[in-house]
Amino acid sequence: PAESPKFANSVAAGNLIFVSGCQGQNDDTMEISDVFEEQMNTALEKVRAVMEEAGSCMDNVIKTLILLKDVKDYPKMRKTELEYYQKHAPRLVEDPPASTFMEVGLARPEFLIEIDVVGVVSRD
């Protein structure tokens, strides 16, 4: 919306990629599922798209900050995260990123999760 501040969805600085918080809203349809796992997968797909746009991949995520609306979703978050990594970032299954999670109020009441990421273009 016009009243929203402008921000970059990511910024690269040298080998580092900083990905702004990705939430579970489908940007094509503007729909927001009320199913936690669907929002988590949507958010992770956004992270993956930004990492690939920066010339990298999900395997190069080195730090995550996961914001949950409700701490009761923590077990679902970790299960969904593992399943996503198994499919799209197998390196992270064995060598997971540093990770922090917090229970917070999110920008909209429908949002259940938001993921903020630091990655690298290359681990070499």
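Residues numbered from 1 in each chain as written. Predicted model: local features only at pLDDT ≥ 70, side-chain atom pairs only at ≥ 80, totals over all residues. Heavy atoms only, no water.

(A) Molecular detail of the overall build of the protein. When helices and strands are tallied, the protein shows three helices and five strands. Reading the protein from its N terminus to its C terminus gives the helix and strand order β-β-α-β-α-α-β-β. In terms of C-alpha radius of gyration, the protein reaches 14 Å, essentially the compact-globule figure of 14 Å for 124 residues. For the protein, the C-alpha atoms occupy an extent of roughly 40 × 35 × 25 Å along the three principal directions. (Helix = DSSP H or I, 4+ residues; strand = E, 2+ residues; numbered from the N terminus. Rg over C-alpha atoms; globule rule 2.2 N^0.38 Å.)

(B) Region of the structure containing the packing of helix 1 (residues 36-53) against helix 2 (residues 74-88). It is at 10 Å that the axes of helix 1 and helix 2 come closest, and there the two elements cross at 45 degrees. When the axis of helix 1 is compared with that of helix 2, the two are oblique. Note on packing geometry: the crossing formed by helix 1 with helix 2 is right-handed. In this structure, helix 1 uses Phe-36, Glu-37, Met-40, Asn-41, Leu-44, Glu-45 and Arg-48 to contact helix 2, whose residues at the interface are Lys-76, Met-77, Thr-80, Glu-81, Tyr-84 and His-88. For the contact of helix 1 with helix 2, a count of residues per class yields five nonpolar, three polar and five charged. (Axes fitted to C-alpha atoms, helices over the stretch in contact; angles between N-to-C directions. Parallel < 35°, antiparallel > 145°, perpendicular 65-115°, else oblique. Left-handed = near helix turned anticlockwise from the far one by under 90°. Contact = heavy atoms within 4.5 Å. Nonpolar A, V, L, I, M, F, W, Y, C, P; charged D, E, K, R; others polar.)

(C) Here's a closer look at the sheet that holds strand 2 (residues 16-23). With mixed pairing, five strands are arranged side by side in an open sheet as 1-2-5-3-4. If you trace the sheet from one side to the other, it starts and ends with strand 1 (10-13) and strand 4 (98-103), each paired once. Ignoring which end each strand starts from, the neighbouring axes of this sheet average 10 degrees apart. Pairing of strand 3 (residues 61-68) with strand 4 involves six bridges; the strand directions are parallel. For Leu-67, the partnering residue across the bridge sits in strand 4 and is Met-102. With respect to the sheet, helix 1 is in contact with strand 1, strand 2, strand 3 and strand 5 (113-120), its orientation differing from that of strand 5 by roughly 25 degrees. Sheet contacts for helix 2: strand 3, strand 4 and strand 5; angle to strand 3, the most-contacted strand, approximately 150 degrees. (Pairing = 2+ DSSP bridges.)

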